[in-house]
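Notes for the structure review
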Amino acid sequence: MGEASREEYKIQSFDAETQQLLKTALKDPGAVDLEKVANVIVDHSLQDCVFSKEAGRMCYAIIQVNNMPMMALVNPVYDCLFRLAQPDSLSREEEVDCLVLQLHRVGEQLEKMNGQRMDELFVLIRDGFLLPTGLSSLAQLLLLEIIEFRAAGWKTTPAAHKYYYSEVSD
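About the thresholds
Residues numbered from 1 in each chain as written. Predicted model: local features only at pLDDT ≥ 70, side-chain atom pairs only at ≥ 80, totals over all residues. Heavy atoms only, no water. 1 Å grid on protein atoms, 1.4 Å probe; cavity = no way out; pocket = protein on both sides within 12 Å on 5 of 7 lines; lining within 4 Å. Points joined across faces, edges and corners; volume = space filled by probe spheres on them. Helix = DSSP H or I, 4+ residues; strand = E, 2+ residues; numbered from the N terminus. Nonpolar A, V, L, I, M, F, W, Y, C, P; charged D, E, K, R; others polar. Buried < 20%, exposed > 50% of the residue type's maximum accessible area, 1.4 Å probe, protein only. Contact = heavy atoms within 4.5 Å. Axes fitted to C-alpha atoms, helices over the stretch in contact; angles between N-to-C directions. Left-handed = near helix turned anticlockwise from the far one by under 90°. Expected span 1.5 Å × (residues − 1). Arc of directions from axis to C-beta. Polar contact = N/O pair within 3.5 Å; in protein donor to acceptor, adjacent residues only side chain to side chain. Salt bridge = Lys/Arg side-chain N within 4 Å of Asp/Glu carboxyl O. Phe/Tyr/Trp six-rings, centres within 6.5 Å; stacked < 30°, edge-to-face > 60°.

A separate point is empty space enclosed by the protein. If you walk through the whole model with that rule in mind, you get 1 cavity of 30 Å³ or more. A volume near 170 Å³ is recorded for the largest cavity. When residues of the lining of the largest cavity are traced back to their parent elements, those giving at least two are α3 (34–47), α4 (49–63), α5 (68–84) and α7 (93–113). Looking at side-chain class alone, the lining of the largest cavity contains 14 nonpolar, 3 polar and no charged residues.

Written out as structure tokens, the structure reads:
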């Protein structure tokens with residue numbers, strides 16, 4: 001049951017028709033209108049912050065087939081990332097963690113498809129880092145790490161890895 005429920009994702013809160021649409025998108029992205037799927041996922045994510053992490057996982061699973069489905073997801077994924085980069089979201093560590101995790105996963109691909117929006121997103125992230133009102137130390141560290149990650153061409157340099165992750169392994 002554990003494996004099956006992981007594959008099912010957390011789509012029980014959707015109506016039966018939407019659940020079927022999401023299941024089909026996960027199995028065969030080419031068989032559905034991906035823009036509709038993306039809008040459903042984004043709308044639900046914006047209403048339910050807890051679902052945002054799961055939404056990111058679903059989108060990631062959908063785009064693993066090939067990059068064509070990614071085209072339909074670019075703007076909705078950016079919309080979610082922009083929401084997570086707002087000051088009220090940056091004040092919550094779990095939302096900063098989600099933002100950084102998703103950028104690690106798909107940031108490079110998103111930037112290739114729409115670099116201008118990535119630049120705009122990183123203005124928000126930079127401002128969130130530089131103007132920390134109620135930002136925890138961990139949130140600041142995560143934001144700094146993703147800023148450096150992007151600046152290094154979406155790769156972690158050995159020095160950055162040592163700086164950000166040495167205490168985790170100690």
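Before going further, it helps to spend a moment on the environment of W154. Relative to the helices and strands, W154 is located in the loop between α9 (137–151) and α10 (158–169). You can call W154 buried: its relative accessible area is 9%. With 49 residues separating them in the primary sequence, W154 and R105 have C-alpha atoms 9.8 Å apart. Setting aside anything within four residues of it in sequence, one finds W154 in contact with L103, G107, E108, E111, M118, F122 and F149.

Closest axis-to-axis distance for the helix α8 (residues 115–130)/α9 pair is 10 Å, and the angle between their directions is 145°. Crossing angle aside, the handedness with which α8 passes α9 is left-handed. In contact with M118, D119, F122, I125, R126, G128 and F129 of α8, α9 contributes Q140, L143, L144, I146, I147 and R150. Partitioning the contact of α8 with α9 into residue classes produces 8 nonpolar, 2 polar and 3 charged.

Moving on, we get to α9. Compared with the 21 Å implied by 1.5 Å per residue over 15 residues, the 21 Å span of α9 between its first and last C-alpha is a close match. Restricting attention to buried positions, one finds in α9 the residues A139, L142, L143, E145, I146, F149 and R150. For α9, the arc enclosing every buried residue in end-on projection is 160°, short of the 170-degree limit, so these residues lie on one face. Residues of α9 that are exposed and point over 90 degrees away from its buried face: S137 and A151.

Our next topic: the side chain of E54. Counting through the fold element by element, E54 comes out in helix α4. Exposure remark for E54: the relative accessible area of 7% places this residue in the buried category. Engagement of the side chain of E54 in a polar contact is seen with the side chain of R57, the distance being 2.9 Å.

As enumerated under the stated definition, the model contains 8 salt bridges in all. Residue R83 is joined to D88 by a salt bridge in which the shortest nitrogen-to-oxygen separation is 2.7 Å. Exposure remark for R83: the relative accessible area of 31% places this residue in the partly exposed category. On the basis of relative accessible area, D88 is assigned to the partly exposed category, the value being 36%.

Bringing the packing of aromatic side chains into the picture now. Any pair of aromatic rings gets described here by the distance separating the centres and the angle formed by the planes. Scanning the entire structure with this criterion turns up 4 aromatic pairs. Taking 5.9 Å as the distance between ring centres and 80° as the angle between the ring planes, the aromatic pair formed by F149 and W154 counts as edge-to-face. Residue F149 is classed as buried on the basis of its relative accessible area, which comes to 10%. Centre to centre, the rings of Y163 and Y164 are 4.8 Å apart; their planes meet at 90°, and the pair counts as edge-to-face. Classification of Y163 by relative accessible area gives exposed; the value is 56%.

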